[in-house]
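Given next are the chains, with one letter for each unit.
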Amino acid sequence: MKKDEVRPDSRQVVIIAERCKECGFCIEFCPKHIIVKSTEINSKGYHPVRLNDEAQCTRCDICGMICPDFAICVVDIGEQQEIRGQS
Amino acid sequence: MNKPTTNRAGHPLDPYLRAERMPHIWCSGCGLGLVVNCFLRGLIQSRLALDKVVVVSGIGCAGRAAGYINLDSFHTTHGRAIPFATGLKLANPELKVVVISGDGDLTAIGGNHLIHAARRNADLTVLCINNFIYGMTGGQGGPTTPLTARTTTSVGGNIDQPFNIPYLAAASGAAYVARWTTAQVVRLQKSITEALLKNGFGLIEIITPCPTYYGRMNKQRTGLEQMKYYRDNSIIKSGIDPKHAGIEFNGPIIVGRFVD
């Protein structure tokens, strides 16, 4: 079996850009270091984070646990189809 | 478990939050949102009936937690979170009462109530969020400020010894005592679940960053720098006597589950 086939594809990292306050916790604590600051600006004037290399993501949900602003999380797309539009 | 069905937005925890109040008021780099995040995850893990859980909070930055959690919640007067919670528990013994408040509220203004609730072994779960300082009122030194740390009221360095909160609670007779920092999210979450399922007085001290006052005056300018410090200097020693778990300025932080 190839590496790609065992990856759980129904789970995905969702970032709610409007809530991000650019504290950098997820950037520092991501075990794969694939979260980076983006250049866009949200309505509070912060640069929300984005995923740099989604293929490396293991969906461990450390970012979701460490985020103080409820702005990033791993969700099961199979269960929650409607949130895809906001990511 | 009876999951609330209101407000369906982006985050999986949104049904448990008052999502219309997000983004919350806490500073960028503050750990209070992280504690609420871990508390909600721990609460979901514990599978308690949510209509029987009440969150009580006092005054201070941490006191706002009750306003953001979508459960029955109670925002009380300064220092009196534990007396209100004890009253709730005595009048409605089937409720699970959780107190989420700060170090200034619980150990300074409400210090006596903390000691006596632990002495009586009141069936409460207390999350004492320790940021070493009075954050909301402008960064004054408090009973948990480490020796020689700088604050607004001790610009030359604090001259008093701080409280060792786990030792205080354990000596007063608490049934569950633990201390974690915000850098150990998984352990913190598990510990909150354990404390919620434990009968008797449970206290978890959670050390959080306060970049706006404590960090800025003590050479840790951002919440991220404080988080890195907690990650690199925490020593996990579960089961030791909390007497030996004092906090020194810029020293190692001993964390773990001390009494169970």
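These figures come from a predicted structure and were not determined experimentally.

## Let's talk about the overall build of chain A
And then number 1: Secondary structure assignment for chain A yields 3 helices and 4 strands.
And then number 2: Each helix and strand of chain A, placed in order from N terminus to C terminus, yields the pattern α-β-α-β-β-α-β.
And then number 3: Per-residue burial over chain A gives 46% buried out of 87 residues.
And then number 4: In chain A, the proportion of contacts linking residues at least 24 apart, taken out of those at least 6 apart, comes to 60%.
And then number 5: Summed over all atoms, the accessible surface of chain A reaches about 4,800 Å², with 47% contributed by carbon and sulfur.

## A short note on the pattern of salt bridges
Residues and elements named next belong to chain B.
And then number 1: Considering all chains together, one arrives at 14 salt bridges over all chains under this definition.
And then number 2: For K198, the salt bridge goes to D260, with nearest N and O atoms at 2.8 Å. Residue K198 is found in the loop between α7 (185–197) and β8 (202–207), and its partner D260 is found in the segment after β10 (253–259); the two are separated by 62 residues along the sequence.
And then number 3: Look at D260 and you get exposed, because its relative accessible area is 52%.
And then number 4: D260 is paired through a salt bridge with R257; the nearest N and O atoms lie 3.9 Å apart.

## As for unusual backbone geometry
Residues and elements named next belong to chain B.
And then number 1: Cis geometry is adopted by the peptide bond preceding P23, which originates at M22 and carries an omega value of -5°.
And then number 2: Relative to the helices and strands, P23 is located in the segment before α1 (32–46).
And then number 3: Of note in this structure, N250 is not a glycine but carries a positive phi near 55°.

## With respect to the nonpolar core
And then number 1: F39, L40, I100 and I204 of chain B are the most contacted members of the largest nonpolar core, which has 74 residues in total.
And then number 2: Sorting elements by how many residues they give to this core places α1 of chain B first, with 8 residues.
And then number 3: In contact with L40 of chain B, other than residues within four places in its own chain, are F70 of chain A together with L13, Y16, L17 and I69 of chain B.
And then number 4: A81, A169, V177 and L203 of chain B belong to the second largest nonpolar core, which has 27 residues in total.

## Digging into the interface of chain A and chain B
When the parts come together, some accessible area is lost, and that loss is often what is quoted as the size of the interface.
And then number 1: Between chain A and chain B, the contact holds 30 residues from the first and 35 residues from the second.
And then number 2: Of the roughly 2,500 Å² buried between chain A and chain B on both sides combined, carbon and sulfur atoms contribute 63%.
And then number 3: If you sort the residues of chain A by the area they bury against chain B, R19, M65 and F70 of chain A come out on top, with a joint share of 29%.
And then number 4: Across the contact surface, chain A and chain B share 4 salt bridges.
And then number 5: Linking chain A with chain B are 11 residue pairs in polar contact (both at pLDDT 80 or more), by the criterion used here.
And then number 6: Those elements giving two or more residues to the side of chain A that touches chain B turn out to be α2 (25–29), α3 (62–66) and β4 (72–76) of chain A.
And then number 7: A class-by-class count of the residues in the side of chain A that touches chain B yields 17 nonpolar, 4 polar and 9 charged.

## A closer look at the pairing of β10 of chain B
All names here are of chain B.
And then number 1: Counting buried positions along β10 yields 5 of 7 residues, so the element is predominantly enclosed.
And then number 2: Note that strand β7 (residues 176–181) and β10 share 3 bridges and pair antiparallel. Among the inter-strand pairings, R179 is bridged to a residue of β10, identified as G256.
And then number 3: Where strand β9 (residues 234–236) and β10 come together, 3 bridges link them in parallel fashion. Bridge assignment links I236 to a residue of β10, and that residue is V255.

Here is what the cut-offs are and how they apply
Residues numbered from 1 in each chain as written. Chains lettered and ligands numbered in written order. Predicted model: local features only at pLDDT ≥ 70, side-chain atom pairs only at ≥ 80, totals over all residues. Heavy atoms only, no water. Helix = DSSP H or I, 4+ residues; strand = E, 2+ residues; numbered from the N terminus. Buried < 20%, exposed > 50% of the residue type's maximum accessible area, 1.4 Å probe, protein only. Contact = heavy atoms within 4.5 Å. Areas by Shrake-Rupley, 256 points an atom, 1.4 Å probe, with all protein chains shown as cover. Salt bridge = Lys/Arg side-chain N within 4 Å of Asp/Glu carboxyl O. Core = buried A, V, L, I, M, F, W, Y, C linked by side-chain atoms within 4.5 Å. Buried area = accessible area lost by both parts, 1.4 Å probe. Polar contact = N/O pair within 3.5 Å; in protein donor to acceptor, adjacent residues only side chain to side chain. Nonpolar A, V, L, I, M, F, W, Y, C, P; charged D, E, K, R; others polar. Pairing = 2+ DSSP bridges.

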